[in-house]
Amino acid sequence: MGISEVILKVDHVRKFFGGVAALNDVSFEVNRNEITAIIGPNGAGKTTLINLITGIYPPTSGKIVFERKTISRLKPFHIAYQGITRTFQNIQVFHNMTVLENVMVGLHTQTESEFLNCLLHLPKVKREERQVAEEGASLLRFFHLESKSDWLSSSLPYGEQKRLEIARALAGKPKLLLLDEPVAGLNIRETEEMAELILKIKKMGITIILVEHDMNLVMGISDKITVLNYGQKISGGTPEEVQKDPKVIQAYLGEE
Amino acid sequence: MRNRFKFMAPFTQKKETLFLIIFALGIVLIPLFVKNKYYFMVMNIVGLNTIVVIGLNLLIGFTGQISLGHAAFYGMGAYLSAIFTTTYGFPPWPTIALAMIITGMVAYFVGYPSLKLKGHYLVMATLGFSIIVHIFMVELDQITGGPSGFPGIPHLSIGKLVFHDDLKNFYLIWTFAFLCILVSLNLVNSRVGRALKAIHGSEVAANTLGIDTDKYKAKVFVLSAIFASLAGSLYAHYITFISPRSFDFYYSIQVVTMVIVGGMGSVWGAFFGAGLLTVLSEILHVTEKFNIIIYGAILTLVLVFLPEGMVVGFYSFYRRRKVKTLIEKEGN
């Protein structure tokens with residue numbers, strides 16, 4: 001591997017909710033085609049950081065640059081079009097839709113039929129529909145969900161809903177995928193499968209930001225780790241470097 | 001285990017084509033068997049309500065946004081058609097289109113700001129808007145005829161064919177209802193329809209997948225207002241007399257009830273809800289004072305026992321039964 005290229009740069013970002021600083025002057029970089037983990041105790045600001053990157057709310061100050069473009073003032077749907085998609089800590093699959101339809105929604109950015117075309121069901125829409133259904137089906141095969149494509153997504157077991165959410169995020173052909181606690185609530189076997197899956201996604205050339213509490217997973221698959229505590233970055237580097245950092249140990253275990 | 005019984009989406013596309021054909025056949029064949037004028041009048045009102053309810057269902061059932069102001073859009077269609085054709089002598093057909101455009105634009109200005117806010121602001125905005133429109137209908141008596149109504153609206157015609165009786169209007173109204181069902185089915189089984197359902201499912205998630213949720217909500221609101229406007233215009237030209245009473249708050253409640261009873265998120269459910277409750281309110285004419293209580297009771301019962309509405313509710317009940325018997329057979 002040559003010199004790695006920075007795909008995302010978080011630059012002196014602050015986020016205040018009222019008077020509370022959820023994130024205070026956080027800066028870090030994410031290299032292309034690496035897995036960067038964000039870890040930290042509960043309430044450290046990890047999910048806030050993901051919400052800022054995906055535009056759920058804007059930062060109070062500082063900026064976020066993705067592929068040399070400042071995205072910190074863009075709306076979430078604009079950011080999706082830039083090539084960033086995500087999953088959620090509390091699963092947000094569309095319960096009112098089938099498994100296949102969920103993935104087809106994920107293909108929204110890859111298609112363009114608007115109201116009038118869809119109302120009249122023009123030939124272009126038909127073509128797009130066929131293409132979307134095929135791509136959706138092949139994604140479901142990749143995630144071993146094809147046998148349940150007609151199920152309502154709410155009737156899937158928890159682990160499969162997590163997989164479905166990732167499938168849906170991947171459907172948008174992101175360059176950067178943000179996973180918010182992908183193995184929370186999964187058993188050991190499912191966690192191992194998820195680790196393999198994440199590595200497979202990395203092999204597809206997709207950069208991944210991973211927020212996770214499971215340290216075995218984080219240390220096992222991450223290339224870089226950023227550690228947050230009370231809204232501040234306290235450490236960063238490779239898994240080995242972070243594990244040895246006394247500040248990290250202190251944050252997790254407390255002072256003697 | 002229970003999950004296994006509810007795995008299917010309500011209808012497949014093949015079935016929908018079949019329903020459309022049956023529906024079209026119904027429109028053609030019903031006049032061969034029904035001769036009573038009164039029945040035609042009721043069916044025509046069902047048709048008009050169906051058009052309104054289908055549009056409203058796209059908003060409520062599919063997108064999860066509630067409007068309590070569709071009586072206003074229905075009324076705008078009716079009054080714009082009446083005023084432009086009767087007072088100013090505009091040709092009726094282009095006026096219907098013009099009314100749809102004006103209503104759509106008004107809906108955009110009412111809907112867009114309130115849809116940008118989180119929470120049920122659309123309910124408030126539409127409620128207030130419908131009251132304002134109603135006041136205009138009553139108070140601008142120079143233009144609208146005021147509380148005593150607006151008489152002498154011309155019937156629609158195509159060439160020499162004048163839609164002057166209940167039977168001809170039956171064909172006219174139900175042709176439009178059919179077209180509305182057709183385009184709505186097209187919409188819901190498409191990229192836009194999925195986006196709308198996604199907004200209903202999780203607005204945040206929809207947004208992070210590239211869906212401009214504010215824009216889609218505003219657009220579907222405008223579309224539902226345009227449907228209501230079309231129905232209003234057809235109503236005005238059919239009855240040839242309109243008065244503010246037909247477009248009061250009670251009508252808004254009625255159409256919302258039809259959406260919920262028939263089935264949220266099912267185009268056929270909208271048709272069913274419109275049919276059931278229109279006929280019911282005809283039967284209940286004897287108890288006019290208690291109408292609203294009976295409506296309330298139906299709404300409550302449906303929400304408690306069939307929260308997905310009657311069509312989807314009964315259908316999934318039927319499916320569950322079928323799967324259950326299949327599994328029992330396997331067990332033996």
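Quantities reported herein were computed from a predicted structural model and do not represent experimental measurements.

Draft legend 1. Local environment of empty space enclosed by the protein. Residue and element names in this part refer to chain A. Applying the stated rule across the entire model yields two cavities of 30 Å³ or more. Quantified by volume, the largest cavity comes out at close to 50 Å³. Taken together, Thr87, Phe88, Lys162, Glu165, Ile166, Leu179, Asp180, Glu181 and Pro182 make up the lining of the largest cavity. Take the lining of the largest cavity: its biggest share by element is three residues, from helix α6 (residues 158–171).

Draft legend 2. Representation of the interface of chain B and chain A in the model. The interface is formed by 34 residues belonging to chain B together with 38 residues belonging to chain A. Note on chain B versus chain A: buried area summed over both sides is about 3400 Å², and carbon and sulfur give 63% of it. On the chain B side of the interface with chain A, the three residues burying the most area are Arg191, Arg194 and Leu209 of chain B, jointly 25% of the side's total. Where chain B meets chain A, there are five salt bridges. For Glu101 of chain A, the salt bridge is made with Lys197 of chain B, and the minimal N-O distance between the two is 3.0 Å. Across the chain B-chain A interface, the total number found is 13 residue pairs in polar contact (both at pLDDT 80 or more). When residues in the side of chain B that touches chain A are grouped by element, the largest group, nine residues, is from helix α8 (residues 191–201) of chain B. The residue makeup of the side of chain B that touches chain A, split by class, is 17 nonpolar, 10 polar and seven charged.

Draft legend 3. Broad picture of the layout of surface pockets. Residues and elements named next belong to chain B. Estimates place the volume of the second largest pocket at around 690 Å³. Every residue lining the second largest pocket is counted, 19 residues in all, and those nearest its centre are Arg245, Ser246, Tyr251, Gln254 and His285. Looking at side-chain class alone, the lining of the second largest pocket contains seven nonpolar, eight polar and four charged residues.

Draft legend 4. The packing of aromatic side chains, seen in detail. Residue and element names in this part refer to chain B. Taken as a whole and assessed by the stated rule, the structure comprises 25 aromatic pairs over all chains. Centroid distance Phe170 to Trp174: 6.3 Å. Interplanar angle 45°. Geometry classified as tilted. Placement of the pair is Phe170 and Trp174 together in helix α7 (residues 166–188), with a separation of four residues, close to one helical turn. Residues Phe170 and Trp174 agree in their burial class; the two are buried. Here a set of aromatic residues connected by ring pairs shows up, and it is made of Phe19, Phe23, Phe40, Phe170, Tyr171, Trp174, Phe178, Trp268 and Phe271.

Draft legend 5. Representation of the packing of helix α11 (residues 249–262) of chain B against helix α12 (residues 267–283) of chain B within the structure. All names here are of chain B. For the pair α11 and α12, interaxial distance at closest approach is 7 Å and the crossing angle is 125°. In terms of orientation, α11 lies oblique with respect to α12. Along this stretch, α11 crosses α12, giving a crossing that reads as right-handed. Between α11 and α12, the residues in contact are Gln254, Thr257, Met258, Val261 and Gly262 and Gly269, Phe272, Gly273, Ala274, Leu276, Leu277, Thr278 and Ser281, respectively. Among the residues making up the contact of α11 with α12, the classes are represented as six nonpolar, seven polar and no charged.

Draft legend 6. A look at the packing of helix α3 (residues 70–87) of chain B against helix α4 (residues 92–116) of chain B. Residue and element names in this part refer to chain B. One way to put it is that α3 packs onto α4 with a least axis distance of 9 Å and a crossing angle of 140°. Regarding the angle of α3 to α4, the classification is oblique. Here α3 runs over α4; the crossing is right-handed. Note on element contacts: α4 touches α3 through Pro92, Thr95, Ile96, Leu98, Ala99, Ile102, Thr103, Val106 and Ala107, opposite Phe73, Met76, Gly77, Leu80, Ser81, Phe84 and Thr85. Of the residues belonging to the contact of α3 with α4, the class tally is 11 nonpolar, five polar and no charged.

Draft legend 7. Quick peek at the confidence of the model for chain B. Residue and element names in this part refer to chain B. A residue-level look at chain B finds 95% of positions with pLDDT of 70 or above and a mean pLDDT of 89. Every residue in residues 1–10 is under pLDDT 50, and counting partners more than four places away or in other chains gives 24 contacts. Across the assembled chains, the prediction reports ipTM 0.93 with pTM 0.91.

Draft legend 8. Structural context of the side chain of Ser243 of chain B. Among the structural elements, Ser243 of chain B can be located in the loop between α10 (213–239) and α11. Not counting residues within four places of it along the chain, the set of residues in contact with Ser243 of chain B comprises Tyr79, Pro147 and Gly149 of chain B.

Draft legend 9. Structural view of the sheet that holds strand β9 (residues 224–229) of chain A. Residue and element names in this part refer to chain A. The strand order β6-β7-β8-β3-β9-β10 describes an open sheet built from six strands, whose pairing is mixed. The open sheet has two free edges, formed respectively by β6 (84–86) and β10 (232–237), since each of these has just one partner strand. Taking each pair of neighbouring strands and ignoring which way they run, the sheet shows an average axis angle of 20°. Taken strand by strand, helix α1 (residues 46–53) contacts β3 (35–39), β6, β7 (176–180), β8 (207–211) and β9, and its axis lies near 150° from that of β7.

Draft legend 10. How the structure looks around the pattern of salt bridges. All names here are of chain A. In the structure shown here, the tally under the stated rule is 18 salt bridges over all chains. Here Glu34 ties to Lys224 by a salt bridge, and the two come within 3.4 Å at their closest N and O atoms. In this pair, Glu34 sits in the loop between β2 (20–31) and β3 while Lys224 sits in strand β9, placing the two residues 190 residues apart along the sequence. One salt bridge in this structure joins Arg86 and Asp180, with 4.0 Å as the shortest N-O distance. With Arg86 in strand β6 and Asp180 in strand β7, this pair connects stretches of sequence that are 94 residues apart. Salt bridges linked by common partners bring Glu5, Arg32, Glu67 and Lys175 together as one network.

Thresholds, definitions, all that
Residues numbered from 1 in each chain as written. Chains lettered and ligands numbered in written order. Predicted model: local features only at pLDDT ≥ 70, side-chain atom pairs only at ≥ 80, totals over all residues. Heavy atoms only, no water. 1 Å grid on protein atoms, 1.4 Å probe; cavity = no way out; pocket = protein on both sides within 12 Å on 5 of 7 lines; lining within 4 Å. Points joined across faces, edges and corners; volume = space filled by probe spheres on them. Helix = DSSP H or I, 4+ residues; strand = E, 2+ residues; numbered from the N terminus. Contact = heavy atoms within 4.5 Å. Buried area = accessible area lost by both parts, 1.4 Å probe. Salt bridge = Lys/Arg side-chain N within 4 Å of Asp/Glu carboxyl O. Polar contact = N/O pair within 3.5 Å; in protein donor to acceptor, adjacent residues only side chain to side chain. Nonpolar A, V, L, I, M, F, W, Y, C, P; charged D, E, K, R; others polar. Phe/Tyr/Trp six-rings, centres within 6.5 Å; stacked < 30°, edge-to-face > 60°. Buried < 20%, exposed > 50% of the residue type's maximum accessible area, 1.4 Å probe, protein only. Axes fitted to C-alpha atoms, helices over the stretch in contact; angles between N-to-C directions. Parallel < 35°, antiparallel > 145°, perpendicular 65-115°, else oblique. Left-handed = near helix turned anticlockwise from the far one by under 90°. pLDDT = per-residue confidence, 0-100. Pairing = 2+ DSSP bridges.

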